[in-house]
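Fold and contact review
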Amino acid sequence: MKIVKKVLLMLLAVFVIMQFFGPERNEGDLATLDAFVAETNPSNEVKTILETTCFDCHSNVTRYPWYDKITPVNYWLANHIEEGKEHFNVSDWDNYSIKKKDHKLDELIEEVEDKEMPLESYTYTHTEANLSDAQIKAVVDWAKTVRAGYNLGLNSK
């Protein structure tokens, strides 16, 4: 029994020490979203949907939940955010070519229509991110409209 107590105390000590360390936070400037919003011109409804379901993981600006202070949860979140930004980062929108913007919006449409995004693990703690069929349609229609404009530009070159 003494060994079990020692092991548990050691694990507790390691857990407490781990709380003093954590990954870099994704707390960029909200202005990095301006180019994306200005260029794609989402309606207020779609902009709100994007803010509540996409921007935390797909921009340089994350609104962190209270449980992000707990290690190892904060590392898990940081990994999700980093992976999300690798696939699609609206904060880098100005650096994307028209062709890449078109492709990213095509992927957005597919992921949202297939209900692959937002991730189920995200919607567990962000219930407002559970999209209704009407919200999915609004986002898809907006993205298709933006893509149509990009395709006109691509085809005229």
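Residue positions are given per chain, counted from 1 along the sequence in the order it is written. In view of the model being predicted, local features appear only for residues whose pLDDT reaches at least 70, and side-chain atom pairs are presented and counted only at 80 or more, with totals across whole chains, interfaces and linings using the full set of residues. Hydrogens are left out, water is left out, and the side-chain values use all remaining heavy atoms of the structure.

This next bit is on the overall build of the protein chain. The helix and strand labels rest on DSSP assignments: H or I over at least four residues marks a helix, E over at least two residues marks a strand, and numbering proceeds from the N terminus. Each helix and strand counted, the protein chain has seven helices and zero strands in total. Element order for the protein chain, N to C, with α for helix and β for strand: α-α-α-α-α-α-α. Radius of gyration (C-alpha) of the protein chain: 20 Å, far over the 15 Å computed for a compact globule of 157 residues. Across its three principal directions, the C-alpha atoms of the protein chain cover 75 × 30 × 20 Å. In this setup the radius of gyration rests on C-alpha atoms only. A globule is expected at 2.2 Å times the number of residues raised to 0.38.

Turning our attention to the packing of aromatic side chains. How two aromatic rings sit relative to each other is given by the distance of their centres and the angle of their planes. Two rings from Phe, Tyr or Trp (for Trp, the six-membered ring) form a pair when their centres sit within 6.5 Å of each other. Planes less than 30 degrees apart are called stacked, planes more than 60 degrees apart edge-to-face, and all others tilted. Under the counting rule described, the total for this entry stands at six aromatic pairs. Centre to centre, the rings of Phe 36 and Trp 93 are 4.9 Å apart; their planes meet at 85°, and the pair counts as edge-to-face. With Phe 36 in helix α2 (residues 34-40) and Trp 93 in the loop between α4 (73-87) and α5 (98-113), this residue pair connects regions lying 57 residues apart in the sequence. For the pair Phe 36 and Trp 93, one class covers both residues: buried. Only protein chains enter the accessibility calculation, which uses a 1.4 Å probe. A residue is then buried if its area is under 20% of the maximum for its type, exposed if over 50%, and partly exposed in between.

On to a nonpolar patch on the surface, then. Nonpolar side chains (Val, Leu, Ile, Met, Phe, Trp, Tyr) are joined into patches within 5 Å and like charges within 9 Å, using only residues with over 30% relative accessible area and no salt bridge. Using a 1.4 Å probe, the Shrake-Rupley method yields the accessible areas, and only the shown protein chains count as cover for residues. A pair is scored as a salt bridge if a Lys or Arg side-chain nitrogen falls within 4 Å of a carboxyl oxygen belonging to Asp or Glu. A cluster of nonpolar side chains, contributed by Leu 9, Leu 12, Phe 15, Val 16, Ile 17, Phe 20, Phe 21, Trp 66, Ile 70 and Tyr 75, occupies part of the molecular surface with about 1100 Å² of accessible area. In terms of residues, the nonpolar patch owes the most to one element, helix α1 (residues 2-18), which gives five residues. Tracing the backbone through its elements, the reader meets Leu 12 in helix α1. A relative accessible area of 48% means that Leu 12 is categorised as partly exposed.

Considering soluble globular proteins, one finds that nonpolar side chains tend to be buried as a cluster. Buried Ala, Val, Leu, Ile, Met, Phe, Trp, Tyr and Cys residues form a nonpolar core when they are joined through side-chain atoms within 4.5 Å. Among the nonpolar cores identified, the biggest contains 25 residues, and Phe 36 and Trp 142 are the most heavily contacted of them. For this core, the secondary structure elements donating two or more residues are α2, α3 (44-53), α5 and α7 (133-155). No other element matches α7, which puts eight residues into this core. Contacts are assigned to residue pairs with any non-hydrogen atoms lying within 4.5 Å of each other. Excluding residues that lie within four positions of it along the chain, Trp 142 makes contacts with Phe 36, Thr 40, Asn 41, Pro 42, Val 46, Leu 50, Leu 105 and Leu 108.

Turning to its location among the elements, Tyr 96 is positioned in the loop between α4 and α5. Each residue touching Tyr 96, except ones within four places of it in the same chain, is listed here: Phe 88, Asn 89, Lys 101 and Lys 104.

This paragraph deals with the pattern of salt bridges. Scanning the model with the defined rule gives nine salt bridges in all. With a shortest N-O distance of 2.9 Å, Glu 39 and Lys 101 are connected by a salt bridge. Taken together, the residues Glu 39 in helix α2 and Lys 101 in helix α5 connect sequence positions 62 residues apart. A relative accessible area of 32% places Glu 39 in the partly exposed class. What makes Lys 101 buried here is its relative accessible area of 5%. Across the salt bridge formed by Lys 144 and Glu 113, the nearest N and O atoms sit 3.9 Å from each other. Of this pair, Lys 144 sits in helix α7 while Glu 113 sits in helix α5, and the two are 31 residues apart along the sequence. Among the residues examined, Lys 144 registers a relative accessible area of 44% and is labelled partly exposed. For Glu 113, a relative accessible area of 42% translates into the label partly exposed. Connected via shared salt-bridge partners are Asp 102, Asp 106 and Arg 147.

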